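Survey of secondary and tertiary structure
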Amino acid sequence: MSEDGRDAVVVDVVRTTLGKRGGALAHWHPADLLGFALSSLVERTGVDPEQVDDVIGGCVTQVGEQGTNVTRNAWVAAGLPQQVPATTVDRQCGSSQQAMHFAAAGVKAGHYDMVVACGVEMMSRVPLAANARGGTGPFPPSFLDRIDGRLWAQFRVAQVLADRWGVSRRDMDEYALESHRRAAASWDDGRFAAEALPVPLKGEDGKVSGGFLESDEGIRRNGSMEALSGLAPAQSWEPETAPDITAGNSSQMTDGASAMLIVERSVAERLGLPVRARFAHATVAADDAAIVLSAPVPATQRLLDRSGMTVDQFDAVECNEAFAAIPLMWLRAFPIDPGRLNPCGGAIAMGHPLGASGVRLAATLINHLEATGGRYGFQTMCEGGGQANATVIERLG
């Protein structure tokens, strides 16, 4: 809550069911898929969309169909009021979590009364790193000098962190298998139905073809340690530098979108909107720009230092499963009951639609707190460039 009593609360949060790369959602234009999430959020909450002060979206590969401010394009394409502005931010995989931070901070500062944080990534249609093409690339010699030439693929970085924190191949494979089990169980017990929007299927012509993607497409129910242990390294070049990182213990490339309505608390109460949760604390941190996946640890520590909280107060933790090594690294640094870490599964099972994942994590976290009666939830994720966001959400509803 700000000094003048303003509080940023979550009225509702949704995400689409998630499609595999080249799978069920591949024929959706990114702006249309995000527009579907945005219009669904407006419909579920019953708010007058003209009262929305701003729409802040996350997207990583902002080129081609995801270029030219995909958030604004999505809002307009969905038939929502053109008088409402929108912008798109890029903090790599944490883009929509950063959108949440910007939105909540704007509400607390009095810049907004009602704002949407959202995100999208269509990895079927806009390939990862497509925005790194052109000229000599995004990393000049001066940058490479600062990182001592360690411009490594994330597979190798994940291996470096696994080795640093004593995480074995077996640890990662067991974790991956459990992620799929938990995600499948969350669908089976109906928990994901509260957050996930079934998405109409489209044909190659972009027209609705009948049927829906009713659940996350990437979840594997028949996995085994035998199958996981037999997988080759995901990094086909120089495999000896990342021998334990496989497709099985890494996140999936995925299509998806997500959206959250954030409102100043007194405004929500005056409008009769549900007050599900509030932003209790938030921060961002950075670490080694070459070891790009390590920052969830210093980001978490910074949040604990600034808030005075301890990890024991977190009833659930969402640490994005970019690679199994990352939540296991976090667990080594901040030991808690493993059952509280990604209790509904994560990106290894459901997939990681980069720009949408931050709000997706929050949707899963809030719904889990409501289902279990927990009070505080924490989320963090590694981000390109060696950064991480960290957020504490307090359940109110």
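Residues numbered from 1 in each chain as written. Predicted model: local features only at pLDDT ≥ 70, side-chain atom pairs only at ≥ 80, totals over all residues. Heavy atoms only, no water.

Turning our attention to the overall build of the protein chain. A count of helices and strands for the protein chain gives 12 helices and 13 strands. In terms of overall size, the protein chain behaves like a compact globule, its C-alpha atoms giving a radius of gyration of 20 Å where 397 residues would be expected to give roughly 21 Å. Projected onto the principal axes, the alpha-carbon positions of the protein chain cover approximately 60 × 55 × 50 Å. In the protein chain, which comprises 397 residues, the share counted as buried stands at 57%. Entry remark: accessible area of the protein chain is about 15200 Å², with carbon and sulfur atoms responsible for 49%. The protein chain carries 34 positive and 47 negative side-chain charges, and their two centres are separated by 1 Å. (Helix = DSSP H or I, 4+ residues; strand = E, 2+ residues; numbered from the N terminus. Rg over C-alpha atoms; globule rule 2.2 N^0.38 Å. Buried < 20%, exposed > 50% of the residue type's maximum accessible area, 1.4 Å probe, protein only. Areas by Shrake-Rupley, 256 points an atom, 1.4 Å probe, with all protein chains shown as cover. Lys, Arg positive; Asp, Glu negative; His and termini not counted. Charge placed at Lys NZ, Arg CZ, Asp CG, Glu CD.)

The final tally for this structure, using the stated rule, is eight aromatic pairs. When the ring of Trp 28 is compared with that of Phe 36, the centres are 5.7 Å apart and the planes differ by 50°; the resulting orientation is tilted. Pair check on accessibility: Trp 28 and Phe 36 agree, each one buried. Taken together through their ring pairs, the aromatic side chains of Phe 314, Trp 330, Phe 334 and Phe 378 make up a single cluster. The residue whose ring lies beneath Arg 15 is Phe 192, and the NZ or CZ to ring-centre distance is 5.0 Å. Lying across the ring of Trp 28, Lys 202 places its NZ or CZ 3.8 Å from the centre. (Phe/Tyr/Trp six-rings, centres within 6.5 Å; stacked < 30°, edge-to-face > 60°. Lys NZ or Arg CZ within 6 Å of the ring centre and 35° of its normal.)

Before going further, it helps to examine the nonpolar core. Of all hydrophobic cores here, the largest spans 45 residues; its most connected members are Met 172, Leu 293, Phe 314, Ile 326, Trp 330, Phe 378 and Val 392. Residue assignment for this core shows that the elements contributing at least two residues are helix H5 (154-164), helix H6 (169-188), strand E10 (277-286), helix H9 (296-307), strand E11 (316-319), helix H10 (325-333), strand E12 (376-383) and strand E13 (387-395). Tallying contributions element by element places H10 first for this core, with six residues. Within the second largest apolar cluster, 40 residues are counted, among which are Leu 33, Ala 74, Val 263 and Val 267. (Core = buried A, V, L, I, M, F, W, Y, C linked by side-chain atoms within 4.5 Å.)

Time to look at unusual backbone geometry. Phi is positive for Asn 69, close to 65°, though the residue is something other than glycine. The phi angle at Gln 92 is positive, at roughly 50°, despite the residue not being glycine. Among the secondary structure elements, Gln 92 is positioned in the loop between strand E4 (86-89) and helix H3 (95-109). We classify Gln 92 as partly exposed; its relative accessible area is 28%.

Looking now at the pairing of E11. Residues Ala 316 and Glu 318 line one face of E11 and the alternating positions Val 317 and Cys 319 line the opposite face, and both faces are buried. Note that E11 and E12 share four bridges and pair parallel. Note that in E12 the partner of Ala 316 across the bridge is Gly 377. (Pairing = 2+ DSSP bridges.)

Looking now at the pairing of E13. With seven of its nine residues buried, E13 lies for the most part within the structure. One ladder, built from nine bridges, connects E10 with E13; its direction is antiparallel. Among the inter-strand pairings, His 281 is bridged to a residue of E13, identified as Val 392. Strand direction decides the pairing type here: E12 and E13, joined by eight bridges, are antiparallel. Its bridge partner being in E13, Tyr 376 is matched across the sheet by Glu 394. Between E12 and E13, which pair antiparallel one after the other, the connecting turn spans three residues, and Gly 385 there sits at a positive phi close to 90°.

As far as function goes, none of this settles anything; it's purely spatial.
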